[in-house]
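So the chains spell out like this:
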Amino acid sequence: MSSKISADLQAFINKFEPSKFKVMPKGIEIRGINDMHRNITHAKEIIEMLELNLEVSHNAEMLSYKGFEVNNLQISL
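Draft legend 1. Structural context of unusual backbone geometry. Phi at glutamate 17 takes a positive value of approximately 55°, unusual for a residue other than glycine. Since its relative accessible area comes to 61%, glutamate 17 is described here as exposed. With phi around 55°, lysine 66 is a residue other than glycine that occupies positive phi space. Among the secondary structure elements, lysine 66 is positioned in the loop between helix H3 (60-64) and strand E4 (68-72). Judged by relative accessible area, lysine 66 falls into the partly exposed class, the value being 41%.

Structural data, given as structure tokens:
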């Protein structure tokens, strides 16, 4: 099973320009971030500005490797 990047996620990657990211089943994981607060805030601003169906996810475990995730929102019909 290959992980496909959604159009919203690709638009985010193009704007945020992460130096390192890993494609995950629900989105991407961005690692090696030095200023976590500033970068998470910037990611949320891009998502809002471009009206993307994405969300930022971050927890204490991700802090240990200086990372956070940007995931596709599950859209219910």
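Draft legend 2. Fine view of the pairing of E4. Burial runs high along E4: 4 of the 5 residues are buried. Note: strand E2 (residues 27-30) against E4, 4 bridges, orientation antiparallel. Counterpart to isoleucine 30 in the pairing with E4 is phenylalanine 68. As defined by bridge partners, strand E3 (residues 54-57) adjoins E4 across 4 bridges and the pair is classed as antiparallel.

Draft legend 3. Structural view of the sheet that holds E3. Reading across from one edge, E1-E2-E4-E3 is the order of the 4 strands in this open sheet, with antiparallel pairing throughout. Lying at the two open borders of the sheet, with one neighbouring strand each, are strand E1 (21-23) and E3. Taken over all neighbouring pairs, the strand axes of this sheet differ in orientation by 20° on average, direction set aside. Where E1 lies against E2, 3 bridges are found, and the strand directions are antiparallel.

Thresholds, definitions, all that
Residue positions within a chain follow its written sequence, with the count starting from 1. Given that this is a predicted model, residues contribute local features only at a pLDDT of at least 70 and side-chain atom pairs are listed and counted only at 80 or more, while totals for whole chains, interfaces and linings are drawn from all residues. Values reported for side chains reflect all heavy atoms of the structure, with hydrogen atoms and water molecules removed beforehand. We call a residue buried when its accessible area falls under 20% of the maximum for its residue type, exposed when it is over 50%, and partly exposed in between, using a 1.4 Å probe and counting protein chains only. The secondary structure listing takes helices from DSSP runs of H or I that are at least 4 residues long and strands from runs of E that are at least 2 residues long, numbered from the N terminus. Two strands pair if DSSP finds at least two bridges between them. Fitted lines through C-alpha atoms give the axes, limited to the stretch in contact for helices. The angle between two N-to-C directions lies from 0 to 180 degrees.

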